[in-house]
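# Structural overview for review
Now for the letters of each chain:
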Amino acid sequence: MFNTTTALLRHRESKHRIAALKAEWATFVKLYNGQQIVQPPARIRTRSINYKQWISGIVESLNSSLHPKAAGKWCRVERYYVPETYIQALLARMPNAFLNSAREKRHLRPPVWREKSKVFHYRDHEVNDVISALSQSSVPLQLKKSYRGDTEVNASNELLNAHQALQAAKERARGKKSSTIPTQHIEIVVGNGEGRATREFEVIWWPDLFSGTRHGKLTLRFYVSKVIL
């Protein structure tokens, strides 16, 4: 019995010497307490203004994780009291997302405390799925940014050679112009990663955190890479 597809894939590779390059090769039994977990339909039409405003807020939060003072690490964006249809619409635009685990966990933090609640973890390793899922936002999604200090600069600016760098330093000292060479690159990374260093985009859904309603809690988990030049 394996709790996640990741655990099953590692078992296949280590014990049975079966290469596991894609999570789709392993079938996760989509059951919870003996009942089949209903997956979202292939396409859900979401034209409501409320949904577009909600997804725009999600994108705004993702973009803000690329702040120059923020650390490179696993990040989370959380929303409470989210309609179930919003999650279905989000997953419907992520065709490569798969259910990695379904379990019961404690939720011991505000605004809702539960000793036991269902939670589903969906994972996706395709960056195009993430772009598609968030495409209805009125705020453009930004997956990477470059900064010089705290100032955002054009990522196309390339490093100068030694002679050009010396000349640029002289001109800056004379006050003629300021350099726009980036000193750090920040990027939301979505992919397969290497070994145990996974780089998935994870959708975590708590469907019954709130009583008597088809609303739940959503957590988006993703990795932000930060390179100091």
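Given the structure is predicted, the values throughout are model-derived calculations rather than measurements. (Residues numbered from 1 in each chain as written. Predicted model: local features only at pLDDT ≥ 70, side-chain atom pairs only at ≥ 80, totals over all residues. Heavy atoms only, no water.)

## Quick notes on the overall build of the protein
The line we're drawing: Per the convention used, a helix needs a DSSP run of H or I reaching at least four residues, while a strand needs a run of E reaching at least two, with both numbered from the N terminus. The cut-offs for exposure are 20% and 50% of the maximum accessible area for each residue type, with area from a 1.4 Å probe on protein chains only; residues under the lower value are buried, those over the upper are exposed, and the others partly exposed. Here a residue-residue contact requires only that any non-hydrogen atoms of the pair lie within 4.5 Å. Computed with a 1.4 Å probe, the accessible areas rest on the Shrake-Rupley method; for each residue, only the protein chains presented here act as cover.
Counting secondary structure elements, the protein contains five helices and 12 strands. Burial status across the protein gives 41% buried among its 229 residues. Looking at the protein alone, contacts between residues at least 24 apart form 73% of all its contacts between residues at least 6 apart. On the protein, roughly 13,800 Å² of surface is accessible, and the fraction owed to carbon and sulfur atoms is 50%.

## Considerations on the pattern of salt bridges
Quick reminder of the rule: We count a salt bridge whenever a side-chain nitrogen from Lys or Arg sits within 4 Å of a carboxyl oxygen from Asp or Glu.
This model, assessed by the stated rule, comprises 11 salt bridges. Among the salt bridges present, the one from K69 reaches D150, with a minimum N-O distance of 3.1 Å. Here D150 lies in the loop between β6 (144-148) and β7 (151-153) and K69 lies in the loop between α2 (49-64) and β3 (74-83), a separation of 81 residues in the sequence. Take K69: its relative accessible area is 64%, and that puts it in the exposed class. Via salt bridges that share partners, R123, E200, E202 and R221 belong to a single interconnected network.

## Remarks on α2
As a reminder of what qualifies: Each helix should span, by expectation, one fewer than its residue count multiplied by 1.5 Å.
Compared with an ideal rise of 1.5 Å per residue, which puts 16 residues at 22 Å, α2 spans 23 Å between its outermost C-alpha atoms and is within 8% of the ideal. Of all the residues in α2, the buried ones are Y51, W54, I55, S56, I58, V59, L62 and N63.

## Quick notes on the nonpolar core
As a reminder, the rule being used: Buried residues of nine kinds, namely Ala, Val, Leu, Ile, Met, Phe, Trp, Tyr and Cys, make up a nonpolar core once their side-chain atoms join them within 4.5 Å.
Counting residues in each nonpolar core, the largest one holds 35 residues, and the members touching the most others are L62, F201, L218 and L220. When residues of this core are assigned to their parent elements, the largest contribution, six residues, is made by α2. Not counting residues within four places of it along the chain, the set of residues in contact with L220 comprises I58, L62, C75, R76, V77, L90, F201, E202 and V203. Ranked by size, the runner-up nonpolar core spans six residues in total, among them V119, I204, W206 and L209.

## So, unusual backbone geometry
The peptide bond linking P110 to P111 adopts the cis configuration, its omega dihedral lying at 5 degrees. Tracing the chain through its elements places P111 in the loop between β4 (98-109) and β5 (112-124).

## A closer look at the pairing of strand β9 (residues 191-194)
Rules: In short, DSSP must find at least two bridges between two strands for them to pair.
Sheet topology places β9 next to strand β10 (residues 197-199); two bridges connect them, and they run antiparallel. Considered in β10, the bridge of G191 is made with R199. Taken together, β9 and the strand that follows it, β10, pair antiparallel across an intervening segment of two residues, in which G195 is found at a positive phi of about 60 degrees.

## Thoughts on the confidence of the model for the protein
What counts here: Each residue carries a pLDDT score, the predictor's own confidence in it, on a scale running from 0 to 100.
Here the protein averages 81 in pLDDT, while 70% of its residues score no lower than 70. In the predicted structure, residues 20-29 sits below a pLDDT of 50 and forms 19 contacts with residues beyond four places in sequence or in another chain.

## Concerning the packing of aromatic side chains
Any two aromatic rings considered together are summarised by their centre-to-centre distance and by the angle between their planes. Applicable threshold: Only Phe, Tyr and Trp rings take part, Trp by its six-membered ring, and two of them pair if their centres are within 6.5 Å. Stacked means planes under 30 degrees apart, edge-to-face means over 60, and tilted covers everything else.
On inspection of all chains with the given rule, the structure shows six aromatic pairs. Centre to centre, the rings of Y51 and Y86 are 5.0 Å apart; their planes meet at 80 degrees, and the pair counts as edge-to-face. With Y51 in helix α2 and Y86 in helix α3 (residues 84-92), this pair connects stretches of sequence that are 35 residues apart. Taking 5.0 Å as the distance between ring centres and 45 degrees as the angle between the ring planes, the aromatic pair formed by W54 and Y86 counts as tilted.

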